[in-house]
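Each chain, written out:
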Amino acid sequence: MTTYRTAAPEGLRSRTHTWEPRPATTPEILGMSGLEILRAALEGTLPAASIMSTLGFRLTEVEEGSVVFEGDPGDHLLNPMGTVHGGFLATLLDSALGSAVMTRLPAGTAYTTVQLGVHMIRPVLADTPALRCEGTALHVGRTTATAEARVVGTHDGKLYAHGTTTCAVLRPA
């Protein structure tokens, strides 16, 4: 039997986040390369992806072929064992991997992840300081792209996770 609480008992925490909705696809946006879109998001002229406010991470650097995200673990991300859920690291990696590929795509071209490989090296705890995820595009071809990324502690430089992706490149018809 599942029990649902209708009121928050004393001592419970809450977390609120806000996000800007995705803008309508305009000819101006369709004319932007992936690098231009990500730079606009970094500068705040286009909204950031809503998943970032949901999980607590942000885009901090964008160059052609590489990106950096930083994420903040916390007790709102814990799994039943009391460590930060691996999905947080997988999402951080997937964001950096796909965005690194995106920086090399011309205007009007999209991508989608078709394979994601994640290796978790050490546990992330609720009080682990911010993590830095660096993604690098390795190959961006006509129909496929690959990238690699690493999650390291901003406080200790230790490797927490690393991953790879294969993306399908979706060119305009």
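See the structure above.
No experiment lies behind these values; they were computed from the predicted model shown.

Cut-offs applied
Starting from 1, residues in each chain are numbered consecutively following that chain's sequence as written. Only residues with pLDDT of 70 or above have their local features reported here, since the model is predicted, and side-chain atom pairs are shown and tallied only from 80 upward, although totals for entire chains, interfaces and linings are computed over all residues. Only heavy atoms go into the side-chain values, all of them from the structure, while hydrogens and water stay out. Two kinds of site are reported from a 1 Å grid over the protein atoms alone, namely cavities, where a 1.4 Å probe fits but cannot get out, and pockets, open sets with protein on both sides within 12 Å along at least five of seven lines, and residues are called lining when an atom falls within 4 Å of a point. Grid points are joined across faces, edges and corners, and a volume is the space filled by probe spheres set on the points. Put simply, DSSP marks the helices as runs of H or I at least four residues long and the strands as runs of E at least two long, and each gets a number from the N terminus on. Gly is put with the polar residues, along with every residue not named as nonpolar or charged; the nonpolar set is Ala, Val, Leu, Ile, Met, Phe, Trp, Tyr, Cys and Pro, and the charged set is Asp, Glu, Lys and Arg. Residues grouped as a nonpolar core are buried Ala, Val, Leu, Ile, Met, Phe, Trp, Tyr and Cys residues, joined through side-chain atoms within 4.5 Å. Only protein chains enter the area calculation, which uses a 1.4 Å probe; residues under 20% of their type maximum are buried, those over 50% are exposed, and those in between are partly exposed. Pairs of residues are marked as contacts when any of their non-hydrogen atoms sit within 4.5 Å. In this analysis, strands are considered paired if DSSP registers two or more bridges between them. Lines fitted to the C-alpha atoms define the axes, with helices restricted to the stretch that makes contact. Angles between their N-to-C directions range from 0 to 180 degrees.

Draft legend 1. How the structure looks around the layout of surface pockets. What the largest pocket holds in volume is close to 990 Å³. Lining the largest pocket we find 34 residues, and of these Arg 22, Ile 37, Leu 38, Ala 49 and Met 102 sit closest to its centre. Elements represented by at least two residues in the lining of the largest pocket include exactly α1 (27-30), α2 (34-43), α3 (50-55), β1 (57-63), α4 (86-102) and β3 (110-120). Looking at side-chain class alone, the lining of the largest pocket contains 22 nonpolar, 9 polar and 3 charged residues.

Draft legend 2. Here's a closer look at the nonpolar core. Val 67, Phe 69, Leu 93, Val 101, Leu 131, Cys 133 and Val 151 are the most contacted members of the largest nonpolar core, which has 34 residues in total. For this core, the elements supplying multiple residues, two or more each, are α2, α3, β1, β2 (66-71), α4, β4 (131-140), β5 (144-153) and β6 (159-170). If you tally residues by element for this core, the top one is α4, at 9 residues. Discounting chain neighbours no more than four positions away, the residues touching Phe 69 are Met 52, Phe 57, Arg 58, Leu 59, Thr 60, Leu 92, Ser 95, Ala 96, Ser 99, Leu 131, Arg 132 and Cys 133.

Draft legend 3. Spatial organisation of the sheet that holds β2. Strand order in the open sheet formed by 6 strands is β1-β2-β4-β5-β6-β3, with antiparallel pairing between adjacent strands. A single partner strand is all that each edge strand has here, and the edge strands are β1 and β3. Taken over all neighbouring pairs, the strand axes of this sheet differ in orientation by 20° on average, direction set aside. Alignment of β1 against β2, held across 6 bridges, turns out to be antiparallel. Its bridge partner lying in β2, Leu 59 is registered against Phe 69. Contacting β1 and β2, α2 crosses the sheet at an angle of about 130° to β1.

Nothing here speaks to function; it is geometry throughout.
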